[in-house]
Amino acid sequence: MKEKIIILDTTLRDGEQSLRSSMSIEEKLNIALSLEDMGVDFIEAGFPVSSPGDFKAVQTISNTIKNSRICSLARCIDKDIDIAAESMNRSKYFRIHVFLGTSNLHVTSKLQKTFTQIIEMAVKGVKRAKRYTDDVEFSCEDAGRTSIQNLCRIIESVIDAGATTINIPDTVGYTIPSEYKKIILQVRNEVHNIDKAVISVHCHDDLGMATGNSISALEAGARQIEGTINGIGERAGNTALEEVILAIKIKEKLLNVYTSIKISNICNTSKIVSSTCGISIPENKAIIGNNAFSHSSGIHQDGVLKNRKNYEIIFPEDVGFKTKQLHLTSRSGRAAIKFYMDKMGYKEVDYNLNLLYKKFLKLSDKIGQVFDYHLEILSFLDNQDKLI
Ligand code: KIV
Ligand code: ZN
């Protein structure tokens, strides 16, 4: 039986944290609606204690969204937790997500406490959140740099206090997949009450490992993945959800897991997040970049035209892109030229493909990218040398 992977989107919380200016309530709601349409299980809508605007945004989202569960972040501080609960109190079901630094560095230099005090604060925070909801997530901030003994100790205590999801974030994107997988496996093996909670992972991309780390954690038994659309987030960003969702889809059989995400909505949601946040998507970005489904070299274009599976593991229309693109450059071959001429309604008898190809090569060497209308003009020319 395939197991479901829960998707928690934190575009509006961890993603927003990285923006130069915060989003308006309308913009946040628009993104939340798009995440709901996409089938995201949890929308982490904000950190309500941080500002009245954030509180209002979480409240508005929580009052509007019906098909995804809303989650709010809170430190292990009574006021944070009470305000988080208040921001969602008109919903029947909601999640409070409390967090506390657990690495030696965070404990000693940021929080200036002993680890025993940290455990006490974490337990108190979880218990307070439990007054408001059954659904409490606890995050061991900087888990990637926390000793396994301390990690297991605190996890055991917060589960006993009522946490139902345990998040093991690689807050500073420090681990590599084999290392992160080992942490998850050790937690599963060494925490005696771990079966009472869902293990969640939350990776940052400082070493470009966020997607790899998330997938390796899933192989080790994590059942919730946190991330953002387009991978926006602090520093190098969070796990790009579109990447893990597609990796899970493509490797469904190998991993024996699935998500409830409608992948055909990915492109639309990605565009909404990009334009709202003013963060453009790199051309070669996996899944959502403009170049992700275009083919440039002659060999690839010929292969795709014969059978798209030769060079496409995902079809663009599956994730909501309109069409595949064959870029016409001097690397293209006759197959792409014929493809565009066919598209424009020309039969092979109407023009000489070899001659057209020669003229095309001359033009593309001069101007770089050639378009279909260039081909049309070139096909009418007898002596290209005079005109190009
Ligand atoms: O990166 C992190 O550790 C976080 C936590 C608050 C979950 O964003
Ligand atoms: Zn984070």
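Residues numbered from 1 in each chain as written. Chains lettered and ligands numbered in written order. Predicted model: local features only at pLDDT ≥ 70, side-chain atom pairs only at ≥ 80, totals over all residues.

Looking at an unreviewed UniProt entry, one finds the chain named 2-isopropylmalate synthase, with Buchnera aphidicola as its source organism. Annotation of the chain in UniProt includes, under Subcellular location (unreviewed entry), the sentence "Cytoplasm". Looking at the Function (unreviewed entry) heading of the UniProt record, one finds this comment for the chain: "Catalyzes the condensation of the acetyl group of acetyl-CoA with 3-methyl-2-oxobutanoate (2-ketoisovalerate) to form 3-carboxy-3-hydroxy-4-methylpentanoate (2-isopropylmalate)." (UniProt positions renumbered as here; feature names shortened; annotations may be inferred.)

Section: the site of ligand 1
Lining the immediate environment of ligand 1, one finds Asp14, Phe99, Ser139, Glu141, Asn167, Pro169, Thr171, His202 and His204. Grouping the amino acids of the shell around ligand 1 by side-chain chemistry returns two nonpolar, five polar and two charged. (Near = placed C-beta within 6 Å. Nonpolar A, V, L, I, M, F, W, Y, C, P; charged D, E, K, R; others polar.)

Brief notes about the pairing of strand β6 (residues 135-141)
For β6, the buried fraction is high: six of the seven residues fall into the buried class. As paired strands, strand β5 (residues 94-101) and β6 are joined by seven bridges and run parallel to one another. Its bridge partner being in β6, His97 is matched across the sheet by Glu137. Summarising the sheet, β6 and strand β7 (residues 165-170) pair through three bridges and their orientation is parallel. Paired with Glu137 across the two strands is Thr165, which belongs to β7. (Buried ≥ 20, exposed ≤ 12 C-beta atoms within 10 Å, placed from the backbone. Helix = DSSP H or I, 4+ residues; strand = E, 2+ residues; numbered from the N terminus. Pairing = 2+ DSSP bridges.)

Regarding the environment of Asn284
Among the secondary structure elements, Asn284 is positioned in the loop between α12 (266-277) and β11 (294-295). Overall, the presence of 10 C-beta atoms within 10 Å leaves Asn284 in the exposed class. Distance from Asn284 to Ser294, taken between C-alpha atoms, is 9.7 Å for residues 10 residues apart in sequence. With near-sequence residues (within four places) excluded, Asn284 lies in contact with Gly289 and Asn291. (Contact = placed C-beta atoms within 7 Å.)

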